[in-house]
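# A structural walkthrough
Here are the chains, one letter per residue:
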Amino acid sequence: MTGDLFRLTIAAARDLLARREISAQELTRACLDRIAEVDRRLNAFITLCPSEAFAQAAAADERLARGDAPALCGIPLAIKDIYLTRGVRTTCASKILGNFVPPYDATVIARLREAGAIFLGKANMDEFAMGSSSENSAFGPTRNPYDLTRVAGGSSGGSAAAVAADECIAALGTDTGGSIREPASFCGVFGIKPTWSRVSRYGVIAFASSLDQVGPFTKTARDAAILLNTLAGVDPHDSTCAARPVPDYERALTGDLRGLMIGVPREYFVAGMAREVEDSIRAALKQYEALGATTVEVTLPHTDYAIATYYILATAEASANLARYDGIRYGLRVPGDNNIELYNRTRAQGFGAEVKRRIMLGTFALSSGYYDAYYLKAQKVRTLIRRDFERAFERCDLIATPVAPTTAFKLGEKMADPLQMYLSDIFTISVNLAGLPGLSIPCGYDSAGMPIGLQLIGPPFDEETMLRAADAYETSGALTRRPPAV
Amino acid sequence: MSDHRIDLEQVRHVARLARLELSAEEERSLAADLSAIVSYIDKLNQLDTANVEPTTQVAEAGTPTRDDVVTNQPASAQMLANAPARQDNLFLVPKIIE
């Protein structure tokens, strides 16, 4: 078989590989050739690991030949550079990690390895996952495959762009305040943030531990279900990881939406949203009604306080998590006359501007005299935000909103004003504060041809309903997907 | 939006706590950025939270315990492989006692 193998979905590649019509090595070669062709323009990757990838592909082909292929055998993936990958440089897009080569794998990386997946390389991102545009990378910004003058979104912009531009079959990202869903929306692919604690965070470089969650970027809803089957589940290395059994998410894709109640929060349709985004979301809701679902207005009254709450809690947790970068055990070291000077200088030269800004804000919020007024206050408002969702889910099975108020913005447009950048996460951040699963579905294009994303939010641990609804919408043919011309 | 000024003195204090050496230019821009962000965040004071419990994490169960057994083997060579400075089996740091 010839042709554009890199355009395959996981489900399609899985069938072709199982029937031995293509080999894992051919598929890996096709993806790496595609990367060589387009990534100079996109900058979706920080590090490529072709020799490791071909070794994995050769092993996958042997297993396929023996007929004992595991779930993801021979599927080439891009991995956000926040995951520890044994023997492959991991930077978190920061100078402070220097040439750090992890001595062990993150749990999800080990699981993907065991499932036969192939790692093409490490995807670009905002430094330490702090950003909404992937412009805060020490390795330069990722560009949007639909328009190279626009951002890919962030923080997992490299993963989103790599999937959209068919540089890989699927990718891994992480989501602390929207870092999977927003770039998925900006790049026109599927991105899912599972329930907090559904997937292990062991070996995922920590930003804000009570909010961080692992998730896939894929070309279809079915592929997201397939990947989540391997990613989810209890991990003895992460005591916060839920001990619940993992359902077969792919089997949940029945296409049947009869009786499904979709809540539409009135607070999410407000001034400031691009007209074309709102029209596209409304059309998607109509399509859901045509498919047998019912929509009902719900209210999430504390929505307006989510960004303020998030930027206290996330930065406070980050200031503690990033205290470990001290120039002693790994990463960059800038010499000083004593230890304190060494720490101060290493951190000054190793961290970028946004990371410093967030460490400062978080340290301020936790400092003596401000803890109760900021940190404790934000934890209490977090409770109010959670309760909003609990009440809303008494009336509906899923909540539907836009992913972002606009389509992808221009490179540089929001870099001078951190607060404006923070506000681009307005529709995704509450989901992390409440610990809920959320997903971005491509649902349209604006008049400039930029993708628009619909967000579905589920109750805790109901990824099945969310994926079923995403798959039903996608396979109904409501949207003709337009691959980017990179 | 309230107007909450963070002055240079506060920026220097917080930078000391955060172990960050800042240039004069960074101090000035952080004072401006943090003032704007904290002024925005002050909107939380519009909410009465006197009788609201704080959320520290959203997991369903408490923290599980495990048996106190060693599961990883000593691997000091691997752990030292990324050290910026080392001597024998040790991380090397500047002298801290005169």
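Throughout what follows, the structure given in this document is the object of discussion. All values derive from a computational prediction rather than experimental measurement.

### Some points on the packing of aromatic side chains
All names here are of chain A. The tally for this structure, following the rule as stated, stands at 16 aromatic pairs over all chains. Ring centres of Phe100 and Tyr330 lie 5.3 Å apart, and the angle between their planes is 50°; this geometry places the pair in the tilted category. Taken together, the residues Phe100 in the loop between β2 (76-80) and α4 (107-114) and Tyr330 in the loop between α9 (306-321) and α10 (339-350) connect sequence positions 230 residues apart. Note on Tyr371 and Tyr375: the rings are 5.2 Å apart at their centroids and 50° apart in plane angle, and the pair reads as tilted. Here Tyr375 and Tyr371 lie together in helix α12 (residues 371-392), a separation of four residues that amounts to about one turn. Overall, Tyr371 belongs to the partly exposed group, its relative accessible area being 35%. Within the aromatic cluster, the residues linked to one another by ring pairs are Phe100, Phe128, Tyr325, Tyr330 and Phe351. The cationic tip of Arg244 hangs over the ring face of Phe461; the distance from NZ or CZ to the ring centre is 4.1 Å. Lying over the aromatic face of Phe269, Arg282 brings its terminal NZ or CZ to 4.2 Å of the ring centre.

### Let's talk about the nonpolar core
Soluble globular proteins tend to bury their nonpolar side chains together. Tyr83, Leu112, Phe128, Tyr288 and Phe389 of chain A are the most contacted members of the largest nonpolar core, which totals 181 residues. Those residues in contact with Leu112 of chain A that lie beyond four places of it in its chain are Leu72, Leu77, Ile79, Ala117, Phe119, Leu172, Leu227, Thr230 and Leu231 of chain A.

### Structural notes on the packing of helix α2 (residues 24-42) of chain A against helix α3 (residues 50-66) of chain A
Residues and elements named next belong to chain A. At their nearest, the axes of α2 and α3 sit 8 Å apart, and the two run at 155° to each other. Between α2 and α3, the angle falls in the class roughly antiparallel. Across the interface between the two elements, Ala24, Gln25, Thr28, Arg29 and Leu32 from α2 touch Pro50, Ala53, Phe54, Ala57, Ala58, Ala60 and Asp61 from α3. Along the lines of polarity and charge, the residues of the contact of α2 with α3 split into eight nonpolar, two polar and two charged.

### Observations regarding empty space enclosed by the protein
Residues and elements named next belong to chain A. Taken as a whole, this structure holds two cavities of 30 Å³ or more when the rule is applied. If you add up the space inside the largest cavity, you get close to 60 Å³. Lining the largest cavity, in full, are Ala129, Gly131, Ser132, Gly154, Gly177, Gly178, Ser179, Phe207, Tyr310, Tyr311, Arg358 and Asp425. Of the residues assigned to the lining of the largest cavity, the class counts are four nonpolar, six polar and two charged. In this structure, the second largest cavity spans a volume of roughly 40 Å³. Ile96, Arg324, Tyr325, Asp326, Gly327, Ile328, Arg329, Tyr330, Gly331 and Leu332 are the residues that line the second largest cavity. The residue makeup of the lining of the second largest cavity, split by class, is five nonpolar, two polar and three charged.

### So, helix α5 (residues 157-164) of chain A
Residues and elements named next belong to chain A. Extensive coverage of α5 is indicated by the burial of eight of its eight residues. For α5, the set of buried residues is Gly157, Gly158, Ser159, Ala160, Ala161, Ala162, Val163 and Ala164. Immediately beyond the C-terminal end of α5, within one or two residues, lies Asp166, with a positive phi of roughly 60°.

The rules we used
All residue numbers refer to position in the chain's written sequence, counted from 1. Chains carry letters from A onward and ligands carry numbers from 1 onward, assigned in written order. Totals for whole chains, interfaces and linings use all residues, but because this is a predicted model, local features are given only for residues with pLDDT of at least 70 and pairs of side-chain atoms are given and counted only at 80 or more. Side-chain calculation: all heavy atoms of the structure are included, whereas hydrogens and water are not. The rule is short: rings of Phe, Tyr and Trp, with Trp giving its six-membered ring, pair when the centres are within 6.5 Å, and they are stacked under 30 degrees, edge-to-face over 60, tilted in between. In DSSP terms, a helix is any run of H or I states spanning at least four residues, a strand is any run of E spanning at least two, and both are numbered starting from the N terminus. Using a 1.4 Å probe on the protein chains alone, a residue whose accessible area is under 20% of its type maximum counts as buried, one over 50% counts as exposed, and one in between counts as partly exposed. Remark: a charge is flagged as sitting over a ring if the NZ atom of Lys or the CZ atom of Arg is within 6 Å of the ring centre and within 35 degrees of the ring normal. Only buried residues count toward a nonpolar core. Its members are Ala, Val, Leu, Ile, Met, Phe, Trp, Tyr and Cys residues joined through side-chain atoms within 4.5 Å. The criterion used for residue contact is that any of the two residues' heavy atoms lie within 4.5 Å. To define axes, lines are fitted to C-alpha atoms, for helices over the stretch in contact only, and angles between the resulting N-to-C directions are given on a 0 to 180 degree scale. Should an angle lie under 35 degrees it is considered roughly parallel, over 145 roughly antiparallel, and from 65 to 115 roughly perpendicular; all remaining angles are considered oblique. For this classification, Asp, Glu, Lys and Arg are treated as charged, while Ala, Val, Leu, Ile, Met, Phe, Trp, Tyr, Cys and Pro are nonpolar and the rest, including Gly, are polar. Computed over the protein atoms alone on a 1 Å grid, cavities are sets of points where a 1.4 Å probe fits but cannot get out and pockets are open sets with protein on both sides within 12 Å along at least five of seven lines; a residue lines them when it has an atom within 4 Å of a point. Grid points are joined across faces, edges and corners, and a volume is the space filled by probe spheres set on the points.

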